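Structure assessment
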Amino acid sequence: MNMQDSSSTSGRTAGQSLHRQLTWRLFAVFLVVSVLGNLLALASYRGIAQRAQHDAADSAEIYIRNSFRQMNAGWELDAQAVKAQIDFMRIFADDPANSWLRLRAYFATLEGRVGQFSSGVVLHDDRSPTFSFGRDGAALSRHLDGERAPPVWFYGKEHRTVYALVSTPLWLGSEGTGRMTLMRPVDAGVLRALAPPDIHLCLVLDGRVVASSDGSEDIGKTVDASYRGELVFDDHVMEQRVFPVFDDDAGAPRLVIRQIVREPLSTLFVLSASTALLTFFAAVLWLVIGRWASRVTERVTRLSQASGLFAREHAMGDALLQALDSAESRPDEIGEVARASRTLMQNVLLHDQEHFAYLQTLDILDEGVVEIAADGRYLRASPGWTRLIGRSRQAVDDRIYDSIHPEDESHLRQQLSQLLAGEKTSLTGRIRLRRDDSKDLWIEYRFVPGIAGTPGGASLRGVLRDITQSYLLEKHITHMALHDALTELPNRVLLEDRANIALRMAQRNGHKVALGFMDLDHFKHVNDQHGHKAGDDMLVTLSQNLRQHLRSGDTLARWGGDEFVVLLTDLTSIDDAREVMTKLSAACEAPIVIDGNEFNATFSMGVALYPDDAETTETLLAQADRAMFHAKEQGRNTVRFFADMTNREQNIKALYIQNRLATAIREHRIQTWFQPIVDAKTRRIVGCEALARWHDETCGQVSPATFIPMAENLGLIREIGHQVWLQAVENLHRWREAGIDIKVSVNVSRRQLFTPSFTADLLDDLHRLNVPVSSIDLEITESVAMEDAEHTTKRLQELTEAGFSIAIDDFGTGYSSLSQLHDMPATRAKIDISFVRRVHTEQGMQLIQAIIKIATAFGLKTVAEGVEDAETAATLERLGVDMLQGYHFGKPASADLFQRTLQDSFGQPPP
């Protein structure tokens, strides 16, 4: 009885808690829905009102457009009337000498009555102005010329008036037929005639108001004539529309229409109405949900009572079943939970009975389950384990180590000791199992401490399973990953691994290693004439023949296609390698018979030796590849050693320089030298070019013609460019601090140019050193500028907008078109040295003259490179070159030496 009272009390408490939670959540939902509903209603109302206002503004725009067309048509009729009256009065019929005086008198008499045309111009039949009247007639006359038809509008700057121009033919007597252009001012009166109520019109030209329907108070104000939409003007919310009055030309006047936005309903009224509506719906929902929530709470309470009874009694009595029946009274989620609870309770009661069945099932599995003591004795073992070790039963004193392969026993003992000592929480691995029938199996094991959470527990529990098949499959896959599928020879991965090991061994014992790169001669003919299967059979047979003539420690690998690599280890001299290669050549002399066809296989091979030719596997392969191509050049079917090549020293030196270059760039040993650029007329220094220089400790001064292409091939040209840039701007900062103000030209590679953050990085460096952007010229070659011209132009435009000057280097040597050059935002063109050296020939001088004319047409300053004598400098100056650069004015020099040159040139004492 007390138990039931306790359960019912607990149920009531749970029910009251659920009821309170439900009440607060419904109240919170009502608040959120009210706020969101009001906001949505207000947004919807404003959206509808705005669409209506937009439609009204669009309608007003259409109305004003049509009204202006009608007004313009009326002006054309008035112009026709004036023309008819002039013809009727025969002003040009008699006394031609006084015709223009009579015409001027006519317009003077009509000025008061026909005020809408305040000015005008009369044109001859060749469209040249001959007569003007009115205050802006002379201005229009100056604006017109003989080749241009009269425009449809004109802006009189003196009186700040926009005129609509109406042109009509006019008979000029003996002078033939001309045209009369009458000027109708588009002023406040015209705009007031066009503007409906609540609409303000203003005529905007070049962003400023030139006429307004409200009078002169808006004249001169700035207006955004490209904006269409809602704005605030004179404390009023208005809709703005814009359309061109005369034509779509970007510089033509625009008529700006502004209509006052009026809301039919106030915001307070909309919010009040939506709040009242939401409150009504909330009340209805509260009545419905309240009754339903009471029933739900009661059922949840009964379900809670049933759970409590089962937890205490661990049995399904009558009270528990009644509570579950009450909770299941309706087919909803609570009923499903109650039914699931009933099923769960029944399953729990059956758990003890099923536990024994699960233990029996474990014996059926192939995995072995064991529990062992710290010394390896079996505490428990499943039948699956006894099957794995091949025994019918387990002896009392047997240990798990008795069934482990002797080579793996010590490793397992060490691992289990660490697990028992608490150094590990679990243990997994693979070992070999020694069965009683002497058949070894590979098994995978997992051990955990027998007592969870107690380091160094008294026992260990483990699961062990047979993985022999999967292990053998894994070994097969590994073999496939390291060997060629066709010939079963080692592939590149295994070859490089063996080569690295061989080089390390040779370094320790002082021996040599030979690496031969072999390519079959004319193998393509076999595939083309006899099919790929015959080619594959030939490769297999040849690889078997070659492998038979190698020593046990040597390696024959297939590189790919018809290429093989031979690795010879433990050699004492080059003669040992020559002897083996001779045997391989002899092995190919015997014909190969495939499907009744006889083939004579020959090969070309290049051989490189460690440490004579190279000291790394990659370099050995490269040198052997060079020697192999040399063998092919010698007529094929031969073996060539890299040591026998005539240009061996040059190749070794080039490779050495290439390896040293990466180190020099990484250690920032690339220097920046400077060569002066002088004004062609005054011969004073106006700038300099920053050039990369590299002095190697072993090779001395390395030419840029050597290391710049290497850097491009190695992908390091961007790093060189960055180092040259930093040194150039740092020296420029130092010179400016000393009072020397010149420009520095810095070469930019393609990799640098297309770096996304290139412009930002340059600006950051200049800002850090307080160097103005205007002091920098960025040089790009014409070929780089024309490669992907669209993207290059965008990047150069970005640099130009940032303030940099762009110079096109090697101008005239590329394949650019004039249209592409026209789009390039460049300021300088550097004439290539190949043209300058031919300036004293007639053809060379004509070429330079053509380049200068092209550059001048594009507004580019010209700089001639490679000026080496006074005669060349004088000739280039005479041809019109702006600036000169070359050895005649100064060789490239280090920053310190060049600073002295600048101080001498600018008349400053040395520091």
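So, how was this worked out
- Think of each chain on its own: its residues are numbered from 1, step by step along the sequence as written.
- Residues qualify for local features only when their pLDDT is at least 70, as the model is predicted, and side-chain atom pairs are given and counted only at 80 or more; totals for whole chains, interfaces and linings, by contrast, use all residues.
- To obtain the side-chain values, all non-hydrogen atoms of the structure were used and water was disregarded.
- Only DSSP runs of H or I with at least four residues qualify as helices, and only runs of E with at least two residues qualify as strands; both kinds are numbered from the N terminus onward.
- Relative accessibility decides the category of a residue: with a 1.4 Å probe and only protein chains considered, values under 20% of the type maximum give buried, values over 50% give exposed, and everything between is partly exposed.
- We call two residues in contact when some of their heavy atoms are within 4.5 Å.
- To measure how exposed things are, a 1.4 Å probe is used in the Shrake-Rupley method; for residues, cover is taken only from the protein chains shown.
- Cavity: a set of points on a 1 Å grid over the protein atoms alone where a 1.4 Å probe fits but cannot get out. Pocket: an open set with protein on both sides within 12 Å along at least five of seven lines, its lining residues, like those of a cavity, having an atom within 4 Å of a point.
- Grid points are joined across faces, edges and corners, and a volume is the space filled by probe spheres set on the points.
- Amino acid classes used here: Ala, Val, Leu, Ile, Met, Phe, Trp, Tyr, Cys and Pro are nonpolar; Asp, Glu, Lys and Arg are charged; the rest, including Gly, are polar.
- Here a salt bridge means any side-chain nitrogen of Lys or Arg lying within 4 Å of a carboxyl oxygen belonging to Asp or Glu.
- Note on aromatic pairs: the rings of Phe, Tyr and Trp (six-membered ring only in Trp) are paired at centre separations within 6.5 Å, and the planes decide the class, stacked below 30 degrees, edge-to-face beyond 60, tilted for the rest.
- For two strands to pair, DSSP has to find at least two bridges joining them.
- In this analysis, axes come from line fits to C-alpha atoms, helices being fitted only over the stretch in contact, and the angle between any two N-to-C directions falls in the range 0 to 180 degrees.
- What the arc measures is the spread of directions leading from the helix axis to the C-beta atoms.
- Expected span of a helix, by definition, is 1.5 Å for each gap between consecutive residues, and there is one gap fewer than residues.
- Patch construction takes residues with relative accessible area above 30% that form no salt bridge. Like charges are linked within 9 Å, and nonpolar side chains (Val, Leu, Ile, Met, Phe, Trp, Tyr) are linked within 5 Å.
- Residue-level confidence of the predictor is summarised by pLDDT, bounded by 0 at the bottom and 100 at the top.
- Any angle that falls under 35 degrees is termed roughly parallel, while one over 145 is termed roughly antiparallel, one within 65 to 115 roughly perpendicular, and all others oblique.
- Helix crossings fall into two classes, left-handed where the near helix is turned counterclockwise from the far one by less than a right angle and right-handed where it is turned clockwise.

Further remarks concern the overall build of the protein. Counting its secondary structure elements, the protein contains 27 helices and 31 strands. Relative to its 911 residues, the protein shows a buried fraction of 42%. Long-range pairs, those at least 24 residues apart, make up 59% of the contacts in the protein between residues at least 6 apart in sequence. A total of about 48800 Å² of accessible surface is found on the protein, and carbon and sulfur atoms cover 53% of it.

If you add up the space inside the largest pocket, you get close to 1100 Å³. Taken together, 40 residues make up the lining of the largest pocket; nearest its centre are Glu689, Leu691, Pro704, Asn747 and Asp809. At the level of secondary structure, the elements contributing two or more residues to the lining of the largest pocket comprise β24 (685-696), α17 (704-714), α18 (717-737), β26 (743-747), α19 (750-753), β27 (776-781) and β28 (805-811). Taken together, the residues of the lining of the largest pocket sort by class into 18 nonpolar, 10 polar and 12 charged.

This model, assessed by the stated rule, comprises 36 salt bridges. In this structure, Asp440 engages Arg434 in a salt bridge whose closest nitrogen and oxygen atoms are separated by 2.6 Å. Residue class for Asp440 comes out partly exposed when judged on its relative accessible area of 37%. Counted as one network, the salt bridges with shared partners bring together Asp58, Glu61, Arg65, Arg228, Glu239 and Arg241.

Evaluation of the coordinates by the stated rule reveals 15 aromatic pairs. Here Phe107 and Phe133 contribute two aromatic rings whose centre-to-centre distance is 4.0 Å and whose plane-to-plane angle is 10°, an arrangement assigned as stacked. Remark: Phe133 occurs in strand β2 (residues 129-133) and Phe107 occurs in helix α2 (residues 99-110); sequence separation between them is 26 residues. Residue Phe107 shares its accessibility class with Phe133, and that shared class is buried. Aromatic pair Tyr378 and Trp385: ring centres 6.4 Å apart, planes at 50°, arrangement tilted. You'll find Tyr378 and Trp385 in the same group, each marked buried. Among the aromatic residues, those joined into a cluster by ring pairs are Phe92, Trp100, Tyr106, Phe107, Phe131 and Phe133.

Here we come to the environment of Arg399. By the secondary structure assignment, Arg399 is in the loop between α8 (383-389) and α9 (406-420). Since its relative accessible area comes to 31%, Arg399 is described here as partly exposed. The spacing of Arg399 and Ala373 is 26 residues in sequence and 9.1 Å in space, taken between C-alpha atoms.

Next up on the list: the sheet that holds strand β9 (residues 236-244). Strands sit in the order β7-β6-β10-β9-β8 across an open sheet of 5 strands; the sheet is antiparallel. Across the chains shown, the open sheet's two edge strands, defined by having one partner strand only, are β7 (208-212) and β8 (229-233). For this sheet, the mean inter-axis angle between neighbouring strands, taken without regard to orientation, is 40°. In this structure, β8 lies alongside β9, joined through 5 bridges in antiparallel fashion. Bridge pairing links Leu231 to Met238 in β9.

Time to look at the side chain of Asp777. Position of Asp777 relative to the elements: it lies in strand β27. Discounting residues that sit within four places of it in the chain, Asp777 has contacts with Lys743, Val744, Ser745, Val746, Ser805 and Arg828.

This next bit is on helix α27 (residues 895-905). Buried within α27 are the following residues: Ala895, Phe898, Gln899, Leu902 and Gln903. Here the buried residues of α27 occupy an arc of 145° about the axis, which is enough to place them on one side. Tucked into the core, α27 has its buried residues touching β23 (670-679), β24 and α18.

Quick look at unusual backbone geometry now. Residues Tyr610 and Pro611 are joined by a peptide bond in cis, for which omega reads 0°. Look at His522: it is not a glycine, yet its phi comes out positive at around 55°. Structurally, His522 can be placed in the loop between β16 (512-520) and α12 (523-530). For His522, a relative accessible area of 46% gives the class partly exposed. Despite not being glycine, Arg683 shows a phi value in the positive range, around 60°. When you line up the elements, Arg683 lands in the loop between β23 and β24.

Turning our attention to helix α14 (residues 574-587). Under the 1.5 Å per step criterion, the end-to-end length of α14 is 20 Å for 14 residues, consistent within 8% with the ideal 20 Å. When α14 is considered as a whole, its buried residues turn out to be Ala577, Val580, Met581, Leu584 and Ala587. Considered in projection along α14, the buried side chains sweep an arc of 110° and stay on one side of the axis. Those residues of α14 that are buried lie in contact with β16, α13 (532-548), β18 (563-571), β21 (603-610) and β22 (639-641).

Side chains of Leu277, Phe280, Phe281, Val284, Leu287 and Val288 sit close together on the surface and give an oily, nonpolar patch of about 610 Å² of accessible area. Here Phe280 is to be found in helix α5 (residues 267-313).

On to the confidence of the model for the protein, then. Summing up the model confidence of the protein, the mean pLDDT is 82 and the portion of residues at 70 or higher is 88%. Looking at the elements of the protein, mean pLDDT is at its lowest for helix α23 (residues 818-823), recorded as 60, and at its highest for strand β31 (residues 883-884), recorded as 95. Considering only residues more than four positions removed or in separate chains, one finds that residues 1-12, a stretch of pLDDT under 50, has 11 contacts.

With their axes 10 Å apart at the nearest point, α18 and helix α20 (residues 758-769) run at an angle of 25° to one another. Classed by the angle they form, the pair α18 and α20 counts as roughly parallel. Seen from above, α18 lies across α20 with right-handed handedness. Contacts between α18 and α20 involve His722, Trp725, Leu726, Val729, Glu730 and His733 on the former and, on the latter, Leu762, Asp765, Leu766, Arg768 and Leu769.

Time to look at the sheet that holds strand β5 (residues 177-185). Here we have 5 strands laid out as an open sheet, ordered β2-β1-β5-β4-β3, and antiparallel in their pairing. In the strand order of this sheet, the two ends are held by β2 and β3 (153-156), each with one partner. Recorded for the sheet is a direction-independent mean angle of 25° between the axes of neighbouring strands. Here strand β4 (residues 161-171) runs beside β5; their pairing, made up of 9 bridges, is antiparallel. Along β5, the bridge assignment pairs Thr168 with Met180.

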